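Summary of the model geometry
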Amino acid sequence: MLANIVIQFMNGLAGASSLFLVAAGLSIIFGVSRIVNFAHGSLYMLGVYLAYMLVEFFGRSSIFGFWGGVLMAALCVGLIGVVIEIVVLRRIYRAPELFQLLATFALVLVIKDAALYIWGAEDLVGPRAAGLRGAVEILGKRFPQYDLALIAIGPVVLGLLWLLMNRTRWGTLVRAATQDREMVGALGVNQSGLFTGVFFLGAFLAGLGGAVQLPREPAQLALDITVISDAFVVVVVGGMGSIGGAFLAALLIAQAKAFCIGIGDVSIFGTVFSFSKFTLVVEFVIMAVVLVVRPWGLLGKQQGTQRGTFMVEPPLYPLNRNFWLAVLAVVVLLGLVPFGGDGYLLVLLIDIAVFALFAVTLHFLMGPSGMVSFGHAAYFGLGCYGAALALLKLKLPMELALFAAPLAGGLGALVFGWFCVRLSGVYLAMLTLAFAQIAWSVIYQWDAFTGGSNGLVGLWPSEWLKDRTVFYAFALLLCIGGILFLWRVVHAPFGYALRAGRDSALRADAIGINVRRFQWFGFTLAGTFAGLAGGLFAFSKGSISPETLAVPRSVDGLVMVLLGGVQTLTGPVAGAAVFTWLQDSIARNTEYWRAILGLTILVIVLAFPQGIAGFTKQVATRIGVMRREAA
Amino acid sequence: MTVLSVSNLSKAFGGVKAVQDVAFSVAAGELLALIGPNGAGKSTCFNMLNGQLRPDSGIVNLLGRSLVGMKPRDIWRLGVGRTFQITATFNSMTVRENIQMALLSHHNALLSLWKSANEMYLDEAMVLLDRVGMADQSERPCGILAYGDIKRVELAIALANQPKLLLMDEPTAGMAPNERVNLMALTARLARQDNIAVLFTEHDMDVVFAQADRIIVLNRGRLIAEGSPMEVRANPEVQAVYLGSGVTYAGGH
Amino acid sequence: MDRRSWLKLSAAFGAAMFAMSGAQAQDTIKIGEMNSYKNFAAFLEPYKKGWELAVEQVNASGGLLGKKLEIVSRDDNGNPGDAVRMAEELVTREKVSFLIGTFPSHVGLAVASFAKEKKVLFIAAEPLTDKIVWDQGNKYTYRLRASTYMQTAMLVPEAAKLKKKRWAIVYPNYEYGQSATAAFKQLMKQAQPDVEFVIEQAPPLGKIEAGAVADAIAAAKPDAIFSSLFGPDLAKFVREGQTRDLFKGVQVFNLLAGEPEYLDPLKDEAPTGWWVTGYPWYAINTPEHKAFADAYQKRFKDYPRLGSIVGYATVQSAAAVIKKAGTLDTEKLVAAMKGLTHSTPLGNITYRPQDNQSTMGAYVGKIGLKDGKGVMTDWYYADGAKFLPSDADVAKMRPAD
């Protein structure tokens, strides 16, 4: 028994090392540049692939060959990080908040296809580490020698990072920039040099984290996504920008996983509870608990407010006659489509309408309410399942079942939102992610009720809606109605109160606004309409699966909002339309469609840092179609 | 008529007594200045009045109603307007919308999901902006205003709920000298017109002696003097404090 | 906006609409194919080559009904929502005659539901879920590959022969793994009533903590292990288990592990002695298979994987049903699918009329090592027809058409 516990503890230690390396890199990059680097997992993946290639090259059977290959791989990834910083990110530091996330998302797509092109589709199982191929006897159990080395690597890197951060001028600057970026700029430090250096270090650590996993982790194309969410969780649990915190969090999460596996099945009051299944979501449960109890992570500090980094949003353009005319024109055009376009165009437009509504609800949070959500798909998905279960289990007619969608989405948002609005910034975003993952894992595993990983099928609309044109009109009506309603809300006192809380919580409080409560209501409202979008999605597809509330769906929403421009009301609609259309047309005709989609997004990001709608608005203002802001 | 009365107000931070046994009152239409050297406890004192800090002991009464333990937003609802040392306005809104925001909140109209906020309480907002001399800039985004103008907007926001008491923390900080006197003169005029009690902290002695009806002086958390500007100016203890801290209050900055 | 801008906008919109609706000529027979090419590239790249080869062969021998066969292929992004949209596109815009393909079970089920709703024939190539032909089966959906249940059932006779009492089970935590586990437990209890399942580990798909799982299993001291891991999870489990001596004296059964897609990456660490289902392409000497393998290697300069067979046989089924029906009318195609028999590289298969499942089997054997590579030894072909539940049981599970 004791031996088992000791061994699982050591498994936890070994698992923590690589996780810590990746997370430390992510944390350092975020701390200084405030960039949420989605591509960090891709850098890790490159680390594994490059290590595979370089270890073969240097000779897998010699100790030098192995460790040389690992180090070289990490260095290469560091250099790739430098290239990314110089070529892409440096151009958009001044863009609105989180816009850089869009660029790093595009990089994920590009890197994935590049890896497929270079290394092929087959999993590459790396060699065992030269000199550490076997196992040692510990309490009568055999434990891999290499895992002992890994256990040592984590603390060694932690120590080196500590020395770097505390004993060098560069480290001092990095720490200062983490505290207050503008101040360092004001001191006359070469900021771009500092950022490039930080990116090198962060990418190097990601690459090293991947490379040292080579003997334990086959190189394969899904690693990027697998690792990025783990790394984010570790960073947030530890406290953003805190390297020590990342170490502690990596340890905590790796140990939790090892012990869930070690405990296995436990019978509690007659029902068997499988801890091994719990590993699916344990890190997100830990994150949720930590964030609720300690809003800035285990060792994190409250972040200083940003000053002057981001553009101040211009005042809202009123919903005047011109606006309603434009809406009318769009509706008329969409109404003409069934007479001119083919059936598939209607299908595509239904998708666009549903995602536009979804994106508008997310924008409602990110824009006017100032709350970024990384888990917005939760409410979309709850809407899907609400409608589906009402139809299949309650045997409600489809029209009534559709009502369950906003209800389910809203209810989920009401519960999760209550916790989320207590936080702000990236921590809030990560708590939404944690809740989304928890909801996802419940739906994913509850076979009897939700159909588990297979989802639910047979969700087709009622007879009178079966005709594609009729359903098109029906879906369009609800989506456009929902979008217009939310836009009205933004222009209504409620929306103004949300913007007031975002602009200055201090002032809002001083004029009697309960900011948190408004945020909570706003969160719920957004969730309600996201649920409606989900319900329509379910009935337009005839089937749903846990994917409807998984991370990629949330990311798609973010991409749509950012692509369109977070500072413009119409941006999310434009973003949803462009992204859905791009994905549809590129995925259809090209083998490396991910890379092409990624490159297209990169071009858009670099060309229009205010998003598509922001850019259009600028042009429209310049040529005089729109009123110039009194500025 | 006494609007705000404070007695026995005390607060300590980890053994350091920031404010000790402070008592004073402000009458309607009166401008009371709270002065004192840096670290005297002005901000602590102020934040206990507006609800940011909870006093360890003491009484804070607004028209006979205790404010202790109330949240800032609830205190505002009782008729206490505030301006901040570092301005806080809604930068993504126009000047007019900033005022409308306060009016909407004052009229409990914030929960509406449908009406166009931009058109609500428009006339009232313009009246307020007119009173602070900002009507001509009403359509500009607040984020691009000059600092002095933002201060005026804040004043208009503070007036939106027809306050009985105005709490102004360093209202002229960061402004050019001639603007300072103008702003406080404006404040004094409005306060007397509407019979509002004003409590303000201030570093600039020109402003204080020109506009305050009465002055209270805080040093090391204790009230050391109270009276008309003339009396306070003549108070030897006050002179010692200010001389000791190296600031002459006769000549301003 | 002024009037000119409106006009321009309308013109642009019209043009876009025209561009988006492709024109089509019907001198070919079009079949729509969908798969998660980017999500499961390791399996689906050979799969694609497989169907490409089949299409070339069909057309080289004169096509079908006097027309050329054309496959319109789409990437469904591993996501049911996108898959249904792609299916709509293939049916309404490309005017394909029917649909084939799909890999993950939830995508397969979504397209099956679409097929039923829109009355389109759908031949599911790869999804292993039992539900697609049973609980959620429908008249329009047929499935080629041997299902989770069938492949599990193929291993059970070998497992029962060993008379091992204490079994550990490890499976990826989603429907495939869960079904395999459920089927294994049920069939083993029937075959060997005293069997005991001492531990179950269900790591998340693609995220196994292999060391911890191996140690946890070792701690339960099993006599044998039943695993349905595959891909990177399998590779990690094999390596950690070997380093930790988990497999010493413990017999392992592993679904799918003999498929070249999953066996070949293990190289010289292929776990010898494991009972697996798979595809020993290098040793199958039937004329059908030899012809296929030679053509494949000639065409692609690469050896076939199981995916190649699935892709190839799917198009063979499509071609056979068109030939049999003699028309592209959906109802006639669906009727022709019932009991459709044709030859494949693995031998003749029949689409069972009672549940639309094909009788394609799988190879059962033991992993051995040859020239530093994993191979299947002592293998035999298990005909799918023999590993299906009784017709009465099937009728109970499957809703009426």
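By convention here, each chain's residues receive numbers from 1 onward along its written sequence. All chains are assigned letters beginning with A, and all ligands numbers beginning with 1, in the order in which they are written. Restriction of local features to residues with pLDDT of at least 70 applies here, the model being predicted, together with a cutoff of 80 or more for giving and counting side-chain atom pairs; totals for whole chains, interfaces and linings are based on all residues. As a rule here, side-chain values cover all heavy atoms of the structure and leave hydrogens and water aside.

Before going further, it helps to spend a moment on the overall build of chain C. Counting from the N terminus, the helices are DSSP H or I runs at least four residues long and the strands are E runs at least two residues long. Scanning chain C from N- to C-terminus turns up 13 helices and 14 strands. Computed over its C-alpha atoms, the radius of gyration of chain C comes to 23 Å, within 12% of the 21 Å expected for a compact globule of 401 residues. Projected onto the principal axes, the alpha-carbon positions of chain C cover approximately 80 × 55 × 45 Å. Counting the 401 residues in chain C, one finds 64% classified as buried. Accessible areas in this description were obtained via Shrake-Rupley with a 1.4 Å probe; residue shielding takes into account the shown protein chains only. Accessible surface, chain C: about 13,600 Å² in total, of which carbon and sulfur atoms supply 54%. The charge count includes Lys and Arg as positive and Asp and Glu as negative, but it does not include His or the ends of the chains. Here the site of a charge means atom NZ of a Lys, CZ of an Arg, CG of an Asp or CD of a Glu. Of the charged side chains in chain C, 50 are positive and 45 negative, and the gap between their average positions amounts to 3 Å. Between the two quantities, the radius of gyration covers C-alpha atoms and the globule rule is 2.2 Å times the number of residues to the power 0.38. Relative accessibility under 20% of the residue-type maximum defines a buried residue, over 50% an exposed one, and the middle range a partly exposed one, all with a 1.4 Å probe and only protein chains included.

Residues and elements named next belong to chain C. Pairing within the open sheet is parallel, and its five strands lie in the order 2-1-3-4-5. The strands lining the two open edges of the sheet, one partner per strand, are strand 2 (68-75) and strand 5 (141-143). Across the sheet, the mean angle separating the axes of adjacent strands is 25° when strand polarity is ignored. Relative to strand 2, strand 1 (residues 28-35) runs parallel, the two being bridged by eight bridges. Looking at the pairing, Thr28 lines up with Lys68 of strand 2. For this analysis, residues touch if any pair of their heavy atoms sits within 4.5 Å. Structural elements are reduced to axes, namely lines fitted to C-alpha atoms, with helices fitted over the stretch in contact, and the angle between N-to-C directions of any two is expressed from 0 to 180 degrees. The sheet strands contacting helix 4 (residues 105-118) are strand 1, strand 3 (99-101), strand 4 (122-124) and strand 5, and the helix crosses strand 4 at an angle near 165°. Between any two strands, at least two bridges found by DSSP are needed for them to pair.

Looking at chain direction, strand 13 (residues 362-370) of chain C and strand 14 (residues 373-382) of chain C are connected through eight bridges and run antiparallel. By the bridge assignment for strand 14 of chain C, Lys370 of chain C is matched with Lys373 of chain C.

In this description, a pair of aromatic rings is defined by centroid distance and the angle of the planes. To pair, rings of Phe, Tyr and Trp, with the six-membered ring standing in for Trp, must have centres within 6.5 Å; the planes then decide the type, stacked if under 30 degrees apart, edge-to-face if over 60, and tilted in the middle. Across all of its chains, the model carries 58 aromatic pairs over all chains by this definition. Between Phe66 of chain A and Tyr146 of chain A, the aromatic rings sit 5.9 Å apart at their centres with planes inclined by 85°, giving edge-to-face as the arrangement. With Phe66 of chain A in helix 3 (residues 63-87) and Tyr146 of chain A in helix 5 (residues 145-167), this pair connects stretches of sequence that are 80 residues apart. Looking at Tyr146 of chain A, the relative accessible area reads 4%, which means it is buried. On the basis of an interplanar angle of 75° and a centroid distance of 5.6 Å, the ring pair of Tyr176 of chain C and Phe230 of chain C is categorised as edge-to-face. Residue Tyr176 of chain C is found in helix 6 (residues 175-191), and its partner Phe230 of chain C is found in the loop between strand 8 (224-227) and helix 8 (231-243); the two are separated by 54 residues along the sequence. An aromatic cluster of at least three residues, connected via ring pairs, comprises Tyr379, Phe416, Trp418, Phe419, Phe435 and Phe523 of chain A. The criterion for a charge sitting over a ring is simple: Lys NZ or Arg CZ within 6 Å of the ring centre, and within 35 degrees of the ring normal. Over the ring of Trp114 of chain B we find Arg488 of chain A, and its NZ or CZ is 4.4 Å from the ring centre. Across from the ring centre of Tyr303 of chain C, 4.0 Å away, lies the NZ or CZ of Arg305 of chain C, which sits over that ring.

Next up on the list: empty space enclosed by the protein. Points on a 1 Å grid, built from protein atoms alone, make a cavity when a 1.4 Å probe fits but cannot get out and make a pocket when they are open with protein on both sides within 12 Å along at least 5 of 7 lines; residues with an atom within 4 Å of a point are the lining residues. Grid points are joined across faces, edges and corners, and a volume is the space filled by probe spheres set on the points. Evaluated as defined, the whole model comprises 13 cavities of 30 Å³ or more. In this structure, the second largest cavity encloses a volume near 490 Å³. Along its surface, the second largest cavity is lined by 30 residues, and Gly15, Gln213, Arg216 and Glu217 of chain A together with Glu209 of chain C are the ones closest to its centre. Every element with two or more residues in the lining of the second largest cavity is listed here: helix 1 (2-33), helix 9 (223-238) and helix 10 (243-263) of chain A together with helix 7 (210-219) and helix 8 of chain C. Ranked by residue count, the leading element in the lining of the second largest cavity is helix 1 of chain A, at seven residues. Across the lining of the second largest cavity, the residue classes tally to twelve nonpolar, eight polar and ten charged. For this classification, the nonpolar set comprises Ala, Val, Leu, Ile, Met, Phe, Trp, Tyr, Cys and Pro, the charged set comprises Asp, Glu, Lys and Arg, and every other residue, Gly included, is treated as polar.

Residue and element names in this part refer to chain A. Segmentation of the chain into domains, including their bounds, is taken from an automatic or database domain assignment. Splitting chain A by domain gives domain 1 (2-293) and domain 2 (330-551). The straight-line distance from the C-alpha centre of domain 1 to that of domain 2 is 33 Å. Contact residues are listed per partner, giving 18 residues for domain 1 and 17 residues for domain 2. Buried area: the accessible surface (1.4 Å probe) lost by two parts on joining, summed over both. Its largest share of buried area at the contact with domain 2, domain 1 owes to Leu280, Phe284 and Leu291, together 33% of the area lost on that side. Any Lys or Arg side-chain nitrogen found within 4 Å of a carboxyl oxygen on Asp or Glu counts as a salt bridge. Inspection of the region where domain 1 meets domain 2 yields zero salt bridges. Definition of a polar contact: a pair of N or O atoms within 3.5 Å, with one able to donate and the other able to accept a hydrogen when the atoms are protein atoms, and with sequence-neighbouring residues admitted only if both atoms are side-chain atoms. Counting the contacts that link domain 1 with domain 2 gives two residue pairs in polar contact (both at pLDDT 80 or more). No other element matches helix 12 (residues 282-293), which puts six residues into the side of domain 1 that touches domain 2. Here the side of domain 1 that touches domain 2 is composed, by residue class, of 16 nonpolar, one polar and one charged.

What follows concerns the confidence of the model for chain A. The predicted coordinates ought not to be read in detail in places where the model reports low pLDDT. Looking at any residue, its pLDDT shows the predictor's confidence there, from 0 to 100. For chain A, the average pLDDT comes to 90, and 96% of its residues sit at 70 or higher. With pLDDT under 50 throughout, residues 306-310 of chain A is counted as low confidence; its partners more than four residues away or in other chains account for twelve contacts.

Before going further, it helps to examine the interface of chain A and chain B. Listed by partner, the interface residues are 32 residues for chain A and 37 residues for chain B. Carbon and sulfur atoms supply 66% of the area that chain A and chain B bury against each other, a total of about 3,100 Å² over both sides. Put simply, chain A and chain B have two salt bridges between them. With a shortest N-O distance of 3.3 Å, Asp509 of chain A and Arg73 of chain B are connected by a salt bridge. The interface formed by chain A and chain B holds 17 residue pairs in polar contact (both at pLDDT 80 or more) in total. Listing elements by their share of the side of chain A that touches chain B, those giving two or more residues are helix 19 (468-491), helix 20 (493-503), helix 21 (505-510) and helix 22 (515-541) of chain A. Looking at the side of chain A that touches chain B element by element, the count peaks at eight residues for helix 20 of chain A. For the side of chain A that touches chain B, the class distribution of residues is 21 nonpolar, four polar and seven charged.

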